[in-house]
Structures are given as structure tokens and as C-alpha cells.
Amino acid sequence: MRLPNVDEFRQPFIEPLGHLAMQAAYADNELIELCSQIPSEGSPHQMRLEDVAQKLRNWDKKAEAFVRLRIHMIADAGLRDQALDALTRFETLRTQRHRAIHDAIEVGISGSGDMYDVSALAVEYRRGKQSTTVSLNAVTPEVIADLACQLYDLQRDINSVTYALTRAEGDPVD
């Protein structure tokens, strides 16, 4: 496998970022699956997986409203609350994932005299009306790995809601 060279300060980020990207994709797919299973098989409001995926391709206010509308079609109040909680976590983790993947990882050098500390920094650029703000945020591979684990847990929680929904529709027990 051919990969570009990475310096020793960025090297520890490669594996956790890969896991983060993969778990985020799994969580996205689970949310799509959940929305396609609501409200129930055979309902006139049932949607094809491909149609749901198209609506959620770009996460914005319209996509969020679509998911909330689908979740509010869940008849069971407990499952609906679980799905709404998962959506809230999804939005929070999605923003954190976005920052972790899209902020440039730069090497920061601090200190004076003979004592210098070298560490990785996430550089975030935000464009405002008048200027661009640059934020330097401390970042570690462990923080990114923890975020991947949180997305894994979220993906499993969404999957359990989807499974409970399909069971509630009268699927036979294995």
C-alpha cells in the first residue's frame, strides 16, 4: 500500500483518524437505515433506503428537520425518545468529528531558552463577515480515538432502535 510520508508528530494521528472516519460512516448509515424503517413496513410513508440517503447526503437544517419528522412518526414513545436522544448525540459527535478530520494538524513549538515543547495543534479557520478567525486547539490521538469509540456506541444505539422498530412490526422471533 502506498501512502504519503508523514512526520513523526503527525504519525500517531493516522490510525485514530481512520477509525474516526470509518465509525462516522457507520453511524451515518445507521441513521439512514433507521429513517428508512420508520414508520413501518407497508406504510404509505415508508421510504426507500436510497431516497433517505439522498436526503441526508448533506447535513443541514433541512436534513435535520427531515430526520426529526421521521422520528416523530415512531408510535412507541420510549423508542421515539431513544431515537431523539441518538439524534442529539449524532449532531454533537458529527460536529466534533468534522473538527477532528477537517482541522489541519500542525506542529506547535512553545518554550524558551533550552526548554522547548513540541505538540500537535488542530488549526481551525472560521470565516466571519469582516475577517477570518484562526483557533489553535490542543489535540491528541487519544481524544480522536475516544471520539471514534463514542461514534461506535452511537451507531450501536441507533441500530438497537431500528431493530426494536422492526421487531415491533411483528417480525418472527429467531
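One can find the structure itself at the top, above this paragraph.
Note that the structure is a prediction, hence the values are computed from the model and not measured. (Residues numbered from 1 in each chain as written. Predicted model: local features only at pLDDT ≥ 70, side-chain atom pairs only at ≥ 80, totals over all residues. Heavy atoms only, no water.)

**Student:** Residue-level account of the packing of helix H1 (residues 14-37) against helix H4 (residues 77-102), with values.
**Tutor:** It is at 11 Å that the axes of H1 and H4 come closest, and there the two elements cross at 150 degrees. The orientation of H1 relative to H4 falls into the category roughly antiparallel. Along this stretch, H1 crosses H4, giving a crossing that reads as left-handed. Contacts between H1 and H4 involve Leu17, Leu20, Ala21, Ala24, Ala27, Asp28, Leu31 and Leu34 from the former and Ala83, Leu87, Phe90, Arg97, Ala100 and Ile101 from the latter. Taken together, the residues of the contact of H1 with H4 sort by class into twelve nonpolar, no polar and two charged. (Axes fitted to C-alpha atoms, helices over the stretch in contact; angles between N-to-C directions. Helix = DSSP H or I, 4+ residues; strand = E, 2+ residues; numbered from the N terminus. Parallel < 35°, antiparallel > 145°, perpendicular 65-115°, else oblique. Left-handed = near helix turned anticlockwise from the far one by under 90°. Contact = heavy atoms within 4.5 Å. Nonpolar A, V, L, I, M, F, W, Y, C, P; charged D, E, K, R; others polar.)

**Student:** How would you sum up the environment of Ala24? Please name residues and give values.
**Tutor:** Secondary-structure assignment places Ala24 in helix H1. Spatially, the C-alpha atom of Ala24 lies 21 Å from that of Val123, the residues being 99 residues apart in sequence. Ignoring anything within four residues of it in the chain, the contact list for Ala24 reads Arg97 and Leu151.

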